[in-house]
Amino acid sequence: MTGRLEGKVAFITGTAGGQGAAAARLFAAEGAAVIGCDLLEEGARAVDAEIAAAGGRCRSWAPVNLADLDAAAAWVAAGVEEAGGIDILYNNASAPRVGPWDELTWDDWRFTLHNELDLIYTVTKAAWPHLVARGGGVIVNTASVSAHRGATFTEQAAHGAAKGGVLAMTRHLAASGAAHGIRANSISPGLIVTPQIAPFLEDPSHPMHGMREAHPLGRLGEPEDVAKVALFLASDDAAYLNAIDIIVDGGQAVIV
Ligand SMILES: NC(=O)c1ccc[n+]([C@@H]2O[C@H](COP(=O)([O-])OP(=O)(O)OC[C@H]3O[C@@H](n4cnc5c(N)ncnc54)[C@H](O)[C@@H]3O)[C@@H](O)[C@H]2O)c1
(Lines give C-alpha, C1' and ligand atoms only; values in the text may rest on other atoms or scores of the structure.)
Protein backbone atom coordinates (compact mmCIF):
# COMPACT_ATOMS: atom_id res chain seq x y z
CA MET A 1 0.00 0.00 0.00
CA THR A 2 1.15 3.53 -0.71
CA GLY A 3 -0.46 5.62 2.06
CA ARG A 4 -2.72 7.49 -0.33
CA LEU A 5 -5.05 8.44 2.54
CA GLU A 6 -2.41 8.94 5.23
CA GLY A 7 -3.62 11.45 7.82
CA LYS A 8 -7.18 11.52 6.46
CA VAL A 9 -10.37 10.78 8.35
CA ALA A 10 -12.84 8.81 6.21
CA PHE A 11 -16.49 8.35 7.19
CA ILE A 12 -17.94 5.31 5.40
CA THR A 13 -21.57 4.21 5.75
CA GLY A 14 -22.59 0.54 5.63
CA THR A 15 -19.31 -1.01 6.82
CA ALA A 16 -20.81 -4.35 7.96
CA GLY A 17 -20.44 -6.03 4.57
CA GLY A 18 -20.30 -5.76 0.80
CA GLN A 19 -18.77 -2.67 -0.75
CA GLY A 20 -18.66 -0.69 2.51
CA ALA A 21 -16.57 -3.33 4.24
CA ALA A 22 -14.26 -3.58 1.22
CA ALA A 23 -13.80 0.20 1.26
CA ALA A 24 -13.18 0.26 5.02
CA ARG A 25 -10.42 -2.35 4.60
CA LEU A 26 -8.83 -0.56 1.64
CA PHE A 27 -9.07 2.98 3.03
CA ALA A 28 -7.60 1.83 6.37
CA ALA A 29 -4.80 -0.01 4.56
CA GLU A 30 -4.06 3.26 2.73
CA GLY A 31 -3.62 5.07 6.05
CA ALA A 32 -7.05 6.57 6.75
CA ALA A 33 -8.69 6.58 10.15
CA VAL A 34 -12.06 5.07 9.21
CA ILE A 35 -15.29 5.91 11.00
CA GLY A 36 -18.01 3.46 10.00
CA CYS A 37 -21.57 2.53 10.84
CA ASP A 38 -24.26 0.08 9.92
CA LEU A 39 -27.66 -1.27 10.89
CA LEU A 40 -25.96 -4.62 11.47
CA GLU A 41 -23.91 -4.82 14.65
CA GLU A 42 -22.22 -8.20 14.27
CA GLY A 43 -20.82 -7.57 10.78
CA ALA A 44 -19.64 -4.08 11.69
CA ARG A 45 -17.77 -5.34 14.76
CA ALA A 46 -16.19 -8.16 12.74
CA VAL A 47 -14.92 -5.77 10.07
CA ASP A 48 -13.50 -3.41 12.72
CA ALA A 49 -11.68 -6.33 14.37
CA GLU A 50 -10.32 -7.59 11.06
CA ILE A 51 -8.96 -4.14 10.19
CA ALA A 52 -7.41 -3.74 13.65
CA ALA A 53 -5.73 -7.16 13.29
CA ALA A 54 -4.23 -5.96 10.00
CA GLY A 55 -2.83 -2.86 11.75
CA GLY A 56 -5.47 -0.40 10.50
CA ARG A 57 -7.90 1.93 12.24
CA CYS A 58 -11.66 1.52 11.87
CA ARG A 59 -14.33 2.19 14.47
CA SER A 60 -17.92 1.50 13.51
CA TRP A 61 -21.10 2.41 15.35
CA ALA A 62 -23.97 -0.10 15.15
CA PRO A 63 -26.87 -0.39 15.04
CA VAL A 64 -27.33 3.01 13.43
CA ASN A 65 -30.29 3.70 11.14
CA LEU A 66 -29.09 6.44 8.82
CA ALA A 67 -32.59 6.96 7.43
CA ASP A 68 -33.35 8.56 10.80
CA LEU A 69 -32.25 12.20 10.85
CA ASP A 70 -31.31 12.26 14.53
CA ALA A 71 -29.51 8.90 14.43
CA ALA A 72 -27.41 10.01 11.44
CA ALA A 73 -26.52 13.27 13.19
CA ALA A 74 -25.61 11.43 16.39
CA TRP A 75 -23.30 9.07 14.46
CA VAL A 76 -21.55 11.96 12.71
CA ALA A 77 -21.12 13.83 16.02
CA ALA A 78 -19.72 10.74 17.76
CA GLY A 79 -17.34 10.02 14.89
CA VAL A 80 -16.08 13.61 14.80
CA GLU A 81 -15.49 13.52 18.54
CA GLU A 82 -13.50 10.31 18.07
CA ALA A 83 -11.46 11.32 15.01
CA GLY A 84 -11.37 15.12 15.20
CA GLY A 85 -13.03 15.95 11.87
CA ILE A 86 -14.00 14.68 8.43
CA ASP A 87 -11.94 14.69 5.23
CA ILE A 88 -13.83 12.05 3.24
CA LEU A 89 -17.49 11.08 3.31
CA TYR A 90 -18.34 7.90 1.41
CA ASN A 91 -22.12 7.49 1.28
CA ASN A 92 -22.25 3.77 0.49
CA ALA A 93 -25.12 2.33 2.57
CA SER A 94 -28.59 1.85 1.16
CA ALA A 95 -31.44 -0.63 1.05
CA PRO A 96 -33.91 -0.94 -1.86
CA ARG A 97 -37.03 -2.93 -2.56
CA VAL A 98 -37.10 -4.26 -6.11
CA GLY A 99 -39.66 -6.27 -8.05
CA PRO A 100 -42.21 -6.03 -10.86
CA TRP A 101 -43.71 -2.57 -11.34
CA ASP A 102 -47.19 -4.15 -11.22
CA GLU A 103 -46.49 -5.28 -7.66
CA LEU A 104 -44.49 -2.31 -6.37
CA THR A 105 -46.55 -0.79 -3.55
CA TRP A 106 -46.58 2.76 -2.25
CA ASP A 107 -44.88 1.40 0.87
CA ASP A 108 -42.11 -0.18 -1.26
CA TRP A 109 -41.67 3.11 -3.11
CA ARG A 110 -41.48 5.18 0.10
CA PHE A 111 -39.16 2.64 1.78
CA THR A 112 -36.73 2.72 -1.14
CA LEU A 113 -36.64 6.50 -1.52
CA HIS A 114 -36.23 6.85 2.24
CA ASN A 115 -33.45 4.25 2.54
CA GLU A 116 -31.56 5.15 -0.64
CA LEU A 117 -31.96 8.90 -1.09
CA ASP A 118 -33.09 10.42 2.21
CA LEU A 119 -30.13 8.80 3.98
CA ILE A 120 -27.71 10.66 1.72
CA TYR A 121 -29.41 13.86 2.92
CA THR A 122 -29.30 12.93 6.61
CA VAL A 123 -25.61 12.01 6.64
CA THR A 124 -24.36 14.73 4.29
CA LYS A 125 -26.34 17.43 6.09
CA ALA A 126 -24.70 16.44 9.40
CA ALA A 127 -21.21 16.05 7.91
CA TRP A 128 -21.22 19.24 5.82
CA PRO A 129 -20.19 21.77 8.54
CA HIS A 130 -17.25 19.52 9.45
CA LEU A 131 -16.07 19.31 5.83
CA VAL A 132 -16.37 23.09 5.57
CA ALA A 133 -14.52 23.58 8.86
CA ARG A 134 -11.71 21.37 7.53
CA GLY A 135 -11.27 23.78 4.62
CA GLY A 136 -12.39 21.19 2.08
CA GLY A 137 -12.94 17.52 1.56
CA VAL A 138 -14.42 14.82 -0.62
CA ILE A 139 -17.87 13.30 -0.92
CA VAL A 140 -18.30 9.99 -2.78
CA ASN A 141 -21.92 8.98 -3.26
CA THR A 142 -23.16 5.60 -4.43
CA ALA A 143 -25.61 5.64 -7.32
CA SER A 144 -26.20 2.63 -9.62
CA VAL A 145 -26.42 1.62 -13.27
CA SER A 146 -30.11 1.50 -12.39
CA ALA A 147 -30.06 5.29 -12.54
CA HIS A 148 -28.87 5.12 -16.16
CA ARG A 149 -31.02 2.41 -17.72
CA GLY A 150 -33.96 0.09 -17.18
CA ALA A 151 -33.52 -3.53 -16.22
CA THR A 152 -35.69 -6.49 -17.11
CA PHE A 153 -33.90 -9.22 -15.12
CA THR A 154 -35.15 -7.52 -11.94
CA GLU A 155 -37.53 -4.61 -12.30
CA GLN A 156 -36.37 -1.78 -10.06
CA ALA A 157 -38.26 1.46 -10.72
CA ALA A 158 -38.01 2.79 -7.16
CA HIS A 159 -34.32 1.86 -6.90
CA GLY A 160 -33.57 3.54 -10.24
CA ALA A 161 -35.49 6.67 -9.26
CA ALA A 162 -33.72 6.90 -5.89
CA LYS A 163 -30.31 6.44 -7.48
CA GLY A 164 -31.19 8.96 -10.21
CA GLY A 165 -31.81 11.33 -7.31
CA VAL A 166 -28.37 10.50 -5.93
CA LEU A 167 -26.79 11.36 -9.31
CA ALA A 168 -28.55 14.72 -9.45
CA MET A 169 -27.91 15.50 -5.80
CA THR A 170 -24.20 14.81 -6.27
CA ARG A 171 -23.95 17.49 -8.96
CA HIS A 172 -25.69 20.01 -6.72
CA LEU A 173 -23.48 19.11 -3.76
CA ALA A 174 -20.48 19.70 -6.04
CA ALA A 175 -21.90 23.12 -6.89
CA SER A 176 -22.55 23.98 -3.24
CA GLY A 177 -19.16 22.64 -2.17
CA ALA A 178 -16.94 24.27 -4.78
CA ALA A 179 -16.46 27.48 -2.82
CA HIS A 180 -15.47 25.42 0.25
CA GLY A 181 -13.02 23.12 -1.53
CA ILE A 182 -15.44 20.20 -1.28
CA ARG A 183 -15.51 17.86 -4.29
CA ALA A 184 -18.54 15.57 -4.82
CA ASN A 185 -18.63 12.65 -7.23
CA SER A 186 -20.57 9.41 -7.52
CA ILE A 187 -20.02 5.80 -8.46
CA SER A 188 -22.60 3.74 -10.35
CA PRO A 189 -21.89 0.07 -9.72
CA GLY A 190 -23.20 -2.60 -12.06
CA LEU A 191 -24.04 -6.00 -10.63
CA ILE A 192 -21.58 -6.55 -7.79
CA VAL A 193 -21.36 -9.93 -6.08
CA THR A 194 -22.18 -9.47 -2.41
CA PRO A 195 -23.30 -12.22 -0.02
CA GLN A 196 -26.93 -11.24 -0.64
CA ILE A 197 -26.65 -11.74 -4.41
CA ALA A 198 -24.34 -14.76 -4.65
CA PRO A 199 -27.07 -17.41 -3.98
CA PHE A 200 -29.28 -16.02 -6.80
CA LEU A 201 -26.46 -16.45 -9.32
CA GLU A 202 -26.30 -20.17 -8.53
CA ASP A 203 -30.09 -20.69 -8.53
CA PRO A 204 -31.27 -21.86 -12.01
CA SER A 205 -34.79 -20.60 -11.31
CA HIS A 206 -33.65 -17.04 -10.53
CA PRO A 207 -33.52 -14.29 -13.22
CA MET A 208 -29.92 -13.52 -12.19
CA HIS A 209 -28.79 -17.07 -12.98
CA GLY A 210 -26.16 -17.12 -15.75
CA MET A 211 -25.40 -13.39 -15.55
CA ARG A 212 -21.80 -14.07 -14.59
CA GLU A 213 -21.20 -16.12 -17.76
CA ALA A 214 -23.12 -13.62 -19.93
CA HIS A 215 -20.96 -10.67 -18.84
CA PRO A 216 -18.58 -9.35 -21.56
CA LEU A 217 -15.58 -9.77 -19.21
CA GLY A 218 -16.72 -13.22 -18.10
CA ARG A 219 -17.14 -12.18 -14.48
CA LEU A 220 -19.27 -9.89 -12.36
CA GLY A 221 -17.95 -7.10 -10.18
CA GLU A 222 -16.49 -7.73 -6.74
CA PRO A 223 -16.84 -5.25 -3.84
CA GLU A 224 -13.10 -4.52 -4.17
CA ASP A 225 -13.62 -3.35 -7.79
CA VAL A 226 -15.84 -0.57 -6.47
CA ALA A 227 -13.70 0.15 -3.40
CA LYS A 228 -10.68 0.84 -5.63
CA VAL A 229 -12.64 3.44 -7.60
CA ALA A 230 -13.90 5.00 -4.36
CA LEU A 231 -10.28 5.18 -3.15
CA PHE A 232 -9.27 6.96 -6.34
CA LEU A 233 -12.09 9.50 -6.05
CA ALA A 234 -11.34 10.04 -2.36
CA SER A 235 -7.63 10.56 -2.95
CA ASP A 236 -5.72 13.59 -4.20
CA ASP A 237 -5.18 11.70 -7.49
CA ALA A 238 -8.73 12.81 -8.31
CA ALA A 239 -8.16 16.42 -7.19
CA TYR A 240 -9.57 17.82 -10.45
CA LEU A 241 -12.52 15.44 -10.75
CA ASN A 242 -15.74 17.02 -9.61
CA ALA A 243 -19.46 16.44 -10.23
CA ILE A 244 -18.88 13.28 -12.25
CA ASP A 245 -20.23 9.74 -12.10
CA ILE A 246 -18.06 6.69 -12.77
CA ILE A 247 -19.87 3.58 -13.98
CA VAL A 248 -18.21 0.46 -12.58
CA ASP A 249 -19.83 -2.36 -14.54
CA GLY A 250 -17.03 -3.82 -16.67
CA GLY A 251 -18.48 -2.07 -19.71
CA GLN A 252 -21.69 -4.10 -19.68
CA ALA A 253 -23.99 -1.12 -20.21
CA VAL A 254 -22.40 -0.23 -23.56
CA ILE A 255 -21.02 -3.51 -24.93
CA VAL A 256 -23.67 -5.50 -26.78
N1 LIG B 1 -24.44 -5.02 -5.21
C2 LIG B 1 -24.82 -4.50 -6.34
O3 LIG B 1 -24.98 -5.21 -7.35
C4 LIG B 1 -25.06 -3.02 -6.43
C5 LIG B 1 -25.37 -2.48 -7.70
C6 LIG B 1 -25.56 -1.11 -7.82
C7 LIG B 1 -25.47 -0.29 -6.70
N8 LIG B 1 -25.20 -0.84 -5.49
C9 LIG B 1 -25.10 0.07 -4.36
O10 LIG B 1 -23.87 -0.12 -3.68
C11 LIG B 1 -24.00 0.23 -2.30
C12 LIG B 1 -23.48 -0.89 -1.44
O13 LIG B 1 -24.24 -2.04 -1.70
P14 LIG B 1 -23.74 -3.51 -1.39
O15 LIG B 1 -23.84 -4.26 -2.64
O16 LIG B 1 -22.43 -3.49 -0.68
O17 LIG B 1 -24.95 -3.99 -0.45
P18 LIG B 1 -24.97 -4.61 1.00
O19 LIG B 1 -26.41 -4.81 1.31
O20 LIG B 1 -24.02 -5.75 1.06
O21 LIG B 1 -24.38 -3.45 1.93
C22 LIG B 1 -25.11 -2.31 2.30
C23 LIG B 1 -24.90 -2.07 3.78
O24 LIG B 1 -25.62 -0.89 4.14
C25 LIG B 1 -26.29 -1.13 5.35
N26 LIG B 1 -27.48 -0.28 5.44
C27 LIG B 1 -28.57 -0.30 4.65
N28 LIG B 1 -29.46 0.61 5.04
C29 LIG B 1 -28.92 1.24 6.13
C30 LIG B 1 -29.39 2.26 6.99
N31 LIG B 1 -30.60 2.81 6.85
N32 LIG B 1 -28.58 2.66 8.00
C33 LIG B 1 -27.35 2.09 8.18
N34 LIG B 1 -26.88 1.11 7.39
C35 LIG B 1 -27.66 0.68 6.37
C36 LIG B 1 -26.68 -2.60 5.30
O37 LIG B 1 -26.94 -3.14 6.58
C38 LIG B 1 -25.46 -3.21 4.63
O39 LIG B 1 -24.48 -3.66 5.55
C40 LIG B 1 -25.50 0.53 -2.11
O41 LIG B 1 -25.70 1.93 -2.16
C42 LIG B 1 -26.15 -0.14 -3.30
O43 LIG B 1 -27.38 0.43 -3.67
C44 LIG B 1 -25.01 -2.18 -5.33
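None of these values were measured; they are calculated from a predicted model.

Visitor: Explain the overall build of the protein to me, please; I cannot follow it from the model alone.
Guide: Secondary structure summary: the protein contains eight helices and seven strands in total. Relative to the globule expectation of 18 Å for 256 residues, the C-alpha radius of gyration of the protein, 17 Å, shows essentially globular dimensions. In the protein, buried positions account for 43% of the 256 residues. Once local pairs closer than 6 in sequence are excluded, the contacts in the protein between residues at least 24 apart make up 74%.

Visitor: When you look at the site of the ligand in this model, what are you seeing that I'm missing?
Guide: Near the ligand, the surroundings consist of 28 residues, among which Gly14, Gly18, Gln19, Ala93 and Ser94 are the closest. Of all elements in the fold, only α1 (18-29) and α4 (106-133) reach the threshold of two or more residues within the shell around the ligand. With three residues, α1 is the largest single contributor of residues to the shell around the ligand. Residues belonging to the shell around the ligand are distributed by class as follows: 14 nonpolar, 13 polar and one charged.

Visitor: Sorry, what's going on with the environment of Trp75 here?
Guide: By secondary structure assignment, the location of Trp75 is in helix α3 (residues 69-83). A residue is classified by how many C-beta atoms lie within 10 Å of it, and Trp75, with 26 of them, is buried. In sequence terms Trp75 and Gly31 are 44 residues apart; their C-alpha atoms lie 22 Å from each other. Setting aside its immediate chain neighbours within four residues, Trp75 contacts Cys37, Trp61 and Val64.

Visitor: Got a minute to help me understand the packing of α1 against helix α8 (residues 223-234) in this structure?
Guide: Helix packing geometry: the angle between the two helix axes and the distance between the axes. For the pair α1 and α8, interaxial distance at closest approach is 8 Å and the crossing angle is 50°. Accordingly, the angle class assigned to the pair α1 and α8 is oblique. Crossing hand, α1 versus α8: right-handed. Within the contact between the two elements, α1 uses Gly18, Gln19, Ala21, Ala22, Ala23, Leu26 and Phe27 and α8 uses Pro223, Glu224, Val226, Ala227, Lys228, Ala230 and Leu231. Partitioning the contact of α1 with α8 into residue classes produces 10 nonpolar, two polar and two charged.

Visitor: I'm lost on α8 in this one. Help?
Guide: Every α-helix winds through 3.6 residues per turn, so residues three or four apart in the chain are directed the same way. Under the 1.5 Å per step criterion, the end-to-end length of α8 is 16 Å for 12 residues, consistent within 8% with the ideal 16 Å. The elements touched by buried residues of α8 are β1 (9-13), α1, β4 (88-91), β5 (137-142), β6 (182-189) and β7 (245-248).

Visitor: I keep staring at helix α5 (residues 157-177) and nothing clicks. Help me out?
Guide: With 21 residues, α5 extends 30 Å from end C-alpha to end C-alpha; this agrees with the ideal 30 Å at 1.5 Å per step. Looking at the buried side of α5, the elements it contacts are α4, β5 and β6.

Visitor: How do you make sense of the environment of Ala198 when you look at a structure like this?
Guide: Tracing the sequence through the fold places Ala198 in helix α6 (residues 198-202). Taking C-alpha positions, Ala198 is 36 Å from Gly7, a pair spaced 191 residues apart along the chain.

Visitor: How should I be thinking about unusual backbone geometry in this particular structure?
Guide: When glycine is set aside, most residues are seen to have a negative phi, and most peptide bonds are trans. With an omega of -5°, the peptide bond running from Ala62 to Pro63 counts as cis. Within the fold, Pro63 resides in the loop between β3 (57-61) and α3. Phi at Ala243 is positive, roughly 65°, even though this residue is not glycine. Its location among the elements puts Ala243 in the loop between α8 and β7.

Conventions and cut-offs
Residues numbered from 1 in each chain as written. Predicted model: local features only at pLDDT ≥ 70, side-chain atom pairs only at ≥ 80, totals over all residues. Helix = DSSP H or I, 4+ residues; strand = E, 2+ residues; numbered from the N terminus. Rg over C-alpha atoms; globule rule 2.2 N^0.38 Å. Buried ≥ 20, exposed ≤ 12 C-beta atoms within 10 Å, placed from the backbone. Contact = placed C-beta atoms within 7 Å. Near = placed C-beta within 6 Å. Nonpolar A, V, L, I, M, F, W, Y, C, P; charged D, E, K, R; others polar. Axes fitted to C-alpha atoms, helices over the stretch in contact; angles between N-to-C directions. Parallel < 35°, antiparallel > 145°, perpendicular 65-115°, else oblique. Left-handed = near helix turned anticlockwise from the far one by under 90°. Expected span 1.5 Å × (residues − 1).

By themselves, these are just geometric observations and shouldn't be taken as functional.
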